[in-house]
Amino acid sequence: MSRGTGTPAAGGTGPARSRLGARFARLPLRERLTLLTAAAVAVAVAVSALACWLLTRAQLRDEVDNTLQNVGVPPQYLEATYANCRASDPAENKNVPPGFYNVQIVRVDGSRCIGPNSQPVKVQAADVGVAQGVQGDTLHDAVTTNGTDVRVLTKRVQGLPAAVSISRPLTEIDSALNRLALLLAAVAGLGVVGAGTAGLVIARSGLKPVDRLTDAVEHVARTEDLAIRIPADGDDEIARLSRSFNSMTAALAASRDLQQQLIADAGHELRTPLTSLRTNIDLLVRSEQSGRPIPPADKEALLASVKAQMGELAALIGDLQELSRPPEPGQSAIAVIALHEVAGAALERARLRGPSLHFAADLHPWYVRAEPAALERAVVNLLDNAVKFSPPGGTVEVRLTDGELTVRDHGPGIPQDELPHVFERFWRSPSARSLPGSGLGLSIVARTAQQAGGAVRLKSADLGGTEAVLTLPGAATPPPGAPDPQRPQEPPAAPR
């Protein structure tokens, strides 16, 4: 099987171009902009110079053609040249025409008669055609026998069976065009150098904001200092990018501060139950080691305290996990939920926790889009808060109308100066610090409401007590395709 020799050479061009493109891509942005600017200016200058040269050349040749058209050869000179026909210059000085053009007579057979003091020019088919009368006057380029380029005008001669060719050397034009080409090349070179220098200066000044942004990003990556800010003046893309970077670092700094605050608050809240647990367990261990048993009543109280503290720890850890849990990817846990059913289930749990309380419920159908477990926990937290602060034998009023769930207790209420802090993490009213709880319940409610597109607020109720209002967007009827609220739904499987 034969092998072609052209394939490797042709295929080698692609990798070479790829290597050149990869090398160009590795250059710094400033150098790339400089090279691209210089290349663009070089192309523009080259095209302009070429167009200028071509226009000048066409103009000069038009001037030569006009000069040839206006040349008048004396008839006696033509007659003497035809009568004394010579194939080369006879070197006679009879009726010599001006020396800036050559004259020769072309006969119908293609032969030529050279006029005195003229250079013989090679006869072309167009010249013979004019002599034979088959075509009109013609203008074309030709060459003399000694190799000089000339411009030739061939036209009929009155009274002779021949045509006269008047030619003028193009030496002067070619010299002028060569000088013009050198001048344009020099100007183009200076233009490219100037463009490269200007491109470098422009790239340096234009990329200063990018350099500042790069330095800031590298500083953040190296030191994790999120307090750095970049000056953002104007409305261009660099200024917008700088403002976006400043917003990003500010958001990251705020998030880190909140995380550190959460860790510090969690450590502070965990310290109290852990200290109580350690104290109680130390008493039990010391009693066993010393052989001095604790009285049954005291021992039972210690064990009850240990159990309560363990429950408080478990509740605190659960609340922390709920607050730190990121949203589900793609919001896959969001579903259509019957809020009135969730509130009804939460009421049953609240009755178990407050058996001495009376619950007055008025729940109208309302369907929302939310995460089922998070929404149920939020409603339970609101009811637990009402149970905690209600006096024995008191009434907890629960009402759901047009997407507004209201839970009201008849407890001591919350002072006006404390209302702005109730949704802060670990914040607890001074009057409620002796009661069980982690201080995270209302924070979880606020987060759940925000994720569901709603809001929650607390206010002092008329005639005493506190009123919590949870507002969620939704509708009184389920959307098409939603599960039937009258059909019991199987609970989700518990995680293992």
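Residues numbered from 1 in each chain as written. Predicted model: local features only at pLDDT ≥ 70, side-chain atom pairs only at ≥ 80, totals over all residues. Heavy atoms only, no water.

Caption draft 1: Examining the state of the cysteines more closely. Under the defined criterion, the tally for this structure stands at one disulfide. What pairs with Cys 85 in a disulfide is Cys 113, and their sulfur atoms sit 1.9 Å apart. Sign of the S-S torsion, about -95° for the bond between Cys 85 and Cys 113, identifies this disulfide as left-handed. With Cys 85 in the loop between helix 3 (75-83) and strand 1 (102-107) and Cys 113 in strand 2 (residues 112-114), this residue pair connects regions lying 28 residues apart in the sequence. (Disulfide = S-S within 2.5 Å. Helix = DSSP H or I, 4+ residues; strand = E, 2+ residues; numbered from the N terminus.)

Caption draft 2: Local environment of the packing of helix 2 (residues 29-69) against helix 5 (residues 171-206). Contact geometry of helix 2 with helix 5 gives a least axis separation of 8 Å together with a crossing angle of 160°. Compared by their axis directions, helix 2 and helix 5 come out roughly antiparallel. The way helix 2 lies across helix 5 gives a crossing that is right-handed. When grouped by side-chain class, the residues that make up the contact of helix 2 with helix 5 number 20 nonpolar, six polar and three charged. (Axes fitted to C-alpha atoms, helices over the stretch in contact; angles between N-to-C directions. Parallel < 35°, antiparallel > 145°, perpendicular 65-115°, else oblique. Left-handed = near helix turned anticlockwise from the far one by under 90°. Nonpolar A, V, L, I, M, F, W, Y, C, P; charged D, E, K, R; others polar.)

Caption draft 3: Examining the packing of helix 9 (residues 339-353) against helix 10 (residues 372-389) more closely. Between helix 9 and helix 10, the least distance of the axes is 9 Å, while the angle of their chain directions is 40°. Classified by the angle their axes make, helix 9 and helix 10 are oblique. In terms of crossing hand, the pair formed by helix 9 and helix 10 is right-handed. Here Leu 339, Val 342, Ala 343, Ala 346, Leu 347, Arg 349, Ala 350 and Arg 353 of helix 9 lie close against helix 10, whose contacting residues are Leu 375, Glu 376, Val 379, Val 380, Leu 383, Asp 384 and Val 387. Here the contact of helix 9 with helix 10 is composed, by residue class, of eleven nonpolar, no polar and four charged. (Contact = heavy atoms within 4.5 Å.)

Caption draft 4: View of the pattern of salt bridges. Scanning the model with the defined rule gives seven salt bridges in all. In this structure, the salt-bridge partner of Lys 459 is Glu 467, at a minimum N-O distance of 3.2 Å. Exposure remark for Lys 459: the relative accessible area of 35% places this residue in the partly exposed category. Judged by relative accessible area, which is 15%, Glu 467 ranks as buried. Via salt bridges that share partners, Arg 61, Asp 65, Asp 141 and Arg 151 belong to a single interconnected network. (Salt bridge = Lys/Arg side-chain N within 4 Å of Asp/Glu carboxyl O. Buried < 20%, exposed > 50% of the residue type's maximum accessible area, 1.4 Å probe, protein only.)

Caption draft 5: Geometry of the sheet that holds strand 8 (residues 367-370). With respect to topology, three strands assemble into an open sheet ordered 6-8-13, the strand pairing being antiparallel. Looking at which strands have only one partner, the edges of the open sheet turn out to be strand 6 (335-338) and strand 13 (474-475). As defined by bridge partners, strand 6 adjoins strand 8 across four bridges and the pair is classed as antiparallel. Note on strand 8: the bridge partner recorded for Ile 337 is Val 368. Its contacts with the sheet put helix 9 on strand 6 and strand 8, and the angle it makes with strand 6 is roughly 55°. (Pairing = 2+ DSSP bridges.)

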